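Observations on the model geometry
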Amino acid sequence: MSTPSVTASDRGFLGDGKYPGIFGWILSTDHKRIGLLYLYSTMTMFIIGVILGLLVRLELIAPGKTIVSADTYNALFTLHGVIMIFLFIIPGIPAAFGNLFLPIHLGARDVSFPRLNLFSWWLYLTGAILAVTSLFTGGGPPDTGWTFYVPFSVQTTTNVTLAVVAVFILGFSSILTGLNFIVTTHRLRAPGIGWGRLTLFVWTLYATAWVQVLATPILGITVALIFLERVLDVGLFDPARGGDPIMYQHLFWIYSHPAVYIMILPGMGVISEIIPVFARKHIFGYWAMALSGLAIAFAGSLVWAHHMFVSGMSDTAILVFSFLTFIVAIPSAIKVFNWVATLYKGSISLEPPLLYALSFIFLFSIGGLTGLILGAAATDIHVTDTDFVVGHFHYVMFGGTGMAFFGALHYWLPKVYGRMYDKRVATWAWGIIFVGFNLLYFSMMVLGLRGMPRRYYDYVPEFTNLNVLATVGSWILAFGLVVMFINLIRGMISGPDAGMNPWGGKTLEWTIPSPPPTENFAEIPVVTTGPYDYSDEVLAPEARR
Ligand code: HEM
Ligand SMILES: [Cu+2]
């Protein structure tokens with residue numbers, strides 16, 4: 001393969017927009033520019049979310065009032081949750097990195113519907129703006145928790161009405177992106193890319209897209225019902241008028257549990273890209289990896305009521321949902337096993353992307369195993385609505401998807417910008433994040449086991465020590481994040497030339513210049529090997545840099 005060399009002045013898709021200045025971005029239909037729009041917007045939301053999380057933690061450093069009133073506290077954790085879930089973690093990997101790399105992995109020039117793709121971003125932006133507007137308008141920031149449970153969400157005077165409209169719009173953005181990815185994967189694969197040669201990142205995006213398309217409408221309906229209740233007072237969830245509040249919880253979790261897989265599957269895809277590259281080995285069990293993603297998406301759609309073991313359900317229902325929950329652990333464990341098996345006897349280079357991938361495996365496994373404790377009704381009833389749950393889902397969402405997101409930043413940004421960050425600083429930042437993370441969320445899990453309830457403003461003095469530890473952990477974590485971001489931003493602005501293939505990857509993005517040209521490929525590639533074929537490289541360690 002020829003190696004077109006890239007000069008620093010050749011900015012590829014970053015250089016030539018169709019329109020001048022900012023319009024070349026916000027009106028661009030280039031999947032890479034849209035991917036970057038998503039990246040910038042989801043990162044902004046992440047930073048806002050982190051600040052809110054830090055405030056929640058600061059309030060909890062001591063019993064009683066520390067910095068805010070009880071009502072403000074309720075708003076803080078609600079906004080933290082809403083922003084992190086709907087504006088960061090759900091769109092994060094698929095919309096940002098999926099847009100950037102799905103077409104390239106398929107050997108295509110763009111997604112199937114580029115204008116629809118741009119429209120999805122505009123919907124996202126509209127939803128984000130409305131969500132932020134809901135803080136300052138109506139009765140002020142929503143205080144229901146990100147789950148919007150009835151009856152409180154239809155009674156509170158805070159601006160839930162606007163917040164659910166925002167979520168409704170964000171849902172459409174998610175559905176349209178999903179549709180686009182499904183069609184693109186079916187229709188735009190380059191010659192030679194059969195289903196057995198898709199990258200695992202594409203496989204997980206594909207599985208995710210189906211969940212987005214099938215489950216998100218249910219969320220749309222659910223929040224639309226809250227809107228109806230608040231505006232027209234229909235009584236759908238009011239037992240006195242023949243309604244049912246439990247019905248709301250079913251509707252909410254029929255979407256929101258599968259949404260957990262919308263969050264985690266693309267993260268698993270990222271990890272499956274990183275590990276073979278830095279272990280210099282073919283991924284272990286390609287088909288098991290590809291199909292376990294679909295299995296997770298399918299089985300994960302059947303387990304929603306494990307969030308409702310204490311809400312009032314028949315014993316039979318509890319048993320069935322508990323059993324189904326354990327089933328999901330199987331394909332998840334297959335993935336963990338295969339990653340480890342890929343690393344086994346690999347020629348491992350501990351570069352920053354791999355460090356994040358390793359911490360993903362470790363933290364996601366803790367998240368998954370504590371999930372089993374919550375999936376068993378007997379133990380769940382003991383720890384439900386405690387900080388144990390909060391610790392658990394941060395291990396999965398932040399320790400899992402968040403770490404995958406950071407891994408993706410370190411793996412792919414050199415491709416996107418053509419520049420390299422300082423790897424030593426990146427390694428330090430990773431270490432600081434890892435320590436802070438565990439201090440914060442492990443303390444919260446222990447607190448939960450001891451009975452510290454979730455979403456509580458005040459607590460008994462016995463819980464003080466662990467709460468201080470968790471809050472100090474949040475500062476260490478935040479410090480690590482700042483170092484990581486500054487290092488990445490500096491690297492992308494003024495770092496050294498990264499070259500076409502800094503990691504020695506085998507997937508298609510590493511065969512084109514960095515940054516990629518607007519059309520990706522001068523000629524549509526003809527693919528003759530699988531994406532993780534390292535058989536030719538056993539004797540060429542210099543290719544690793
Ligand atoms: C520095 C980063 C973070 C800190 C300090 C933090 C802290 C917290 C704390 C203390 C709570 C519990 C609030 C309470 O129950 O009283 C919480 C809840 C929550 N966090 Fe985080 N978190 C962080 C990052 C994240 C990330 C990355 C995500 C998503 C991937 C996330 C999603 C959530 C959700 C969904 C809730 C539940 C909100 C609710 O109960 O309605 N957090 N967070
Ligand atoms: Cu669930």
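Residues numbered from 1 in each chain as written. Chains lettered and ligands numbered in written order. Predicted model: local features only at pLDDT ≥ 70, side-chain atom pairs only at ≥ 80, totals over all residues. Heavy atoms only, no water.

**Some remarks on the coordination of the iron atom of ligand 1**
Within the protein, H80 (NE2) and H394 (NE2) serve as the donor atoms for the iron atom of ligand 1, at 2.0 Å. Of note is the iron atom of ligand 1, whose six donor atoms meet at the metal with angles of 85 to 179° in an arrangement that counts as octahedral. Taken together, the positions of H80 in helix 4 (residues 70-105) and H394 in helix 14 (residues 387-417) put the pair 314 residues apart, joining distant regions of the chain. Accessibility assignment for this pair places H80 and H394 in one class, buried. (Donors = N, O, S within 2.8 Å, 3.2 Å for Na, K, Ca; no water. Tetrahedral: all angles 85-135°; square planar, octahedral: opposite > 155°, others 65-115°. Helix = DSSP H or I, 4+ residues; strand = E, 2+ residues; numbered from the N terminus. Buried < 20%, exposed > 50% of the residue type's maximum accessible area, 1.4 Å probe, protein only.)

**A few points about the coordination of the copper ion (ligand 2)**
Six octahedral donors around a metal ideally sit at 90 or 180 degrees from one another, while four tetrahedral donors ideally sit at 109.5 degrees. The protein atoms donating to the copper ion (ligand 2) are H257 (ND1), H306 (NE2) and H307 (NE2), with metal-donor distances spanning 1.6 to 2.0 Å. Read from N- to C-terminus, the donor residues coordinating the copper ion (ligand 2) fall into the pattern H-x48-H-H. Of this pair, H257 sits in helix 9 (residues 245-279) while H306 sits in the loop between helix 10 (286-299) and helix 11 (315-343), placing them 49 residues apart in sequence. The class of H257 is buried, set by a relative accessible area of 5%. Its relative accessible area of 13% is what places H306 among the buried residues.

**Quick notes on the pattern of salt bridges**
As enumerated under the stated definition, the model contains five salt bridges in all. Between D233 and R241 there is a salt bridge whose closest N-O contact spans 2.9 Å. A relative accessible area of 45% places D233 in the partly exposed class. You can call R241 partly exposed: its relative accessible area is 44%. When salt bridges that share partners are traced, they join D233, D238 and R241 into one network. (Salt bridge = Lys/Arg side-chain N within 4 Å of Asp/Glu carboxyl O.)

**As for a nonpolar patch on the surface**
Together, Y19, I22, F23, L27, F119 and W122 line one region of the surface with nonpolar side chains, adding up to about 590 Å² of accessible area. For F23, the location among the structural elements is in helix 2 (residues 23-26). Accessibility expressed as a relative area gives 46% for F23, which makes it partly exposed. (Patch = residues over 30% accessible without salt bridge, like charges linked within 9 Å, V, L, I, M, F, W, Y side chains within 5 Å. Areas by Shrake-Rupley, 256 points an atom, 1.4 Å probe, with all protein chains shown as cover.)

**Side note on the site of ligand 1**
Near ligand 1 you find 27 residues, and of these Y73, H80, W146, H394 and R455 are the closest. H394 has a polar side-chain atom sitting 2.7 Å from a nitrogen atom of ligand 1. Here an oxygen atom of ligand 1 sits 3.2 Å away from a polar atom, N or O, in the side chain of R454. For the shell around ligand 1, the elements supplying multiple residues, two or more each, are helix 3 (31-59), helix 4, helix 14, helix 15 (423-449) and helix 16 (464-494). Tallying contributions element by element places helix 4 first for the shell around ligand 1, with seven residues. Of the residues in the shell around ligand 1, the class split is 18 nonpolar, six polar and three charged. (Near = heavy atom within 4 Å. Polar contact = N/O pair within 3.5 Å; in protein donor to acceptor, adjacent residues only side chain to side chain. Nonpolar A, V, L, I, M, F, W, Y, C, P; charged D, E, K, R; others polar.)

**Things to note about unusual backbone geometry**
With an omega dihedral of 0°, the bond running from V150 to P151 counts as a cis peptide bond. Along the chain, P151 turns up in the loop between helix 5 (114-136) and helix 6 (152-155). A cis amide bond links S514 to the next residue, P515, at an omega of -10°. Relative to the helices and strands, P515 is located in the segment after helix 16. For D233, which is not glycine, the phi torsion reads 55° and is therefore positive. Within the element layout of this structure, D233 appears in the loop between helix 8 (200-232) and helix 9. Even without a glycine there, the phi angle at R455 is positive, about 60°. Among the structural elements, R455 can be located in the loop between helix 15 and helix 16. On the accessibility criterion, R455 (30% relative accessible area) is partly exposed.

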